[in-house]
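What the coordinates show
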Amino acid sequence: LEHDLPMKIVRAEYNYDGSRLVCFFAAEKRVDFGKLVHDLARSFRARIELRQVGVRDEAKLMGGMGKCGRALCCTTWLTDFNPVSIKMAKLQDLPLSPMDISGVCGRLLCCLAYESDFYAEVKKKLPKRGKVIDTPHGRGKVTQVDMVKESVQVELENQVTVEVSHQELVAMTEAPAAAPRRRKG
């Protein structure tokens, strides 16, 4: 405040002998902190390093709990921040509200990228909503796709709704056509 710098100190760490103090800070723009470093060095009698971090790194340094109720991935095990896109949320049929798909840092949830390949693979093998398909229960229209369970909800021609797994659909296409039986006599 004294130097009127638009920055927020996120964390500070001394080395073991106290000769160096590293301060991590977040700021929207580049900050000229030359006078601040000089004043801090005089006050703490140590070599001062100031390192600017991004919002994801800030969340990593601060820690916290994610929407899933567990410790933030970036705090516990995540080392690299890979790009996350809104396309990944669409692929997973998530609500596109920023409040629902943003993490503590304000960016898109990192976990969207973890499951993206799985959802893309499952989406390829399951029929799309609205498609008319044959099931073990009869012919019907796909009304819902559940990628986690790898199944679809199908409304049959008789208005009954059934759940059909991917395995059942595959078994139907792989089953050999029943050969006509010969009649005796």
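The present account deals with the structure reproduced in this document. (Residues numbered from 1 in each chain as written. Predicted model: local features only at pLDDT ≥ 70, side-chain atom pairs only at ≥ 80, totals over all residues. Heavy atoms only, no water.)

**Some thoughts on the pattern of salt bridges**
The final tally for this structure, using the stated rule, is ten salt bridges. With its nearest N and O atoms 3.3 Å apart, the salt bridge here joins E49 to R47. The class of E49 is buried, set by a relative accessible area of 15%. On the basis of relative accessible area, R47 is assigned to the exposed category, the value being 53%. (Salt bridge = Lys/Arg side-chain N within 4 Å of Asp/Glu carboxyl O. Buried < 20%, exposed > 50% of the residue type's maximum accessible area, 1.4 Å probe, protein only.)

**Comments concerning the layout of surface pockets**
Roughly 450 Å³ of volume is contained in the largest pocket. Surrounding the largest pocket, 23 residues form its lining, G66, L72, C73, L109 and C111 being those nearest its centre. If you list the elements that add at least two residues to the lining of the largest pocket, you get α2 (55-62), α3 (73-76) and α6 (111-114). Examining the composition of the lining of the largest pocket, we find that three residues originate from one element, α3, more than from any other. Taken together, the residues that form the lining of the largest pocket break down as 17 nonpolar, three polar and three charged. Computed from the structure, the second largest pocket encloses a volume of approximately 200 Å³. If you trace the second largest pocket, you find it lined by L1, E2, H3, D4, L5, M7, I9, L36 and L40. Broken down by class, the residue content of the lining of the second largest pocket amounts to six nonpolar, one polar and two charged. (1 Å grid on protein atoms, 1.4 Å probe; cavity = no way out; pocket = protein on both sides within 12 Å on 5 of 7 lines; lining within 4 Å. Points joined across faces, edges and corners; volume = space filled by probe spheres on them. Helix = DSSP H or I, 4+ residues; strand = E, 2+ residues; numbered from the N terminus. Nonpolar A, V, L, I, M, F, W, Y, C, P; charged D, E, K, R; others polar.)

**Considering α2**
Turning to α2, its buried residues number three or more, namely R56, E58 and A59. In a view along the axis of α2, the buried residues occupy a sector of 160°, so they form one face of it. Those residues of α2 hidden inside the fold are in contact with β1 (8-14), β2 (20-26) and α3. At the exit of α2 stands G63, carrying a positive phi of roughly 80°. (Arc of directions from axis to C-beta. Contact = heavy atoms within 4.5 Å.)

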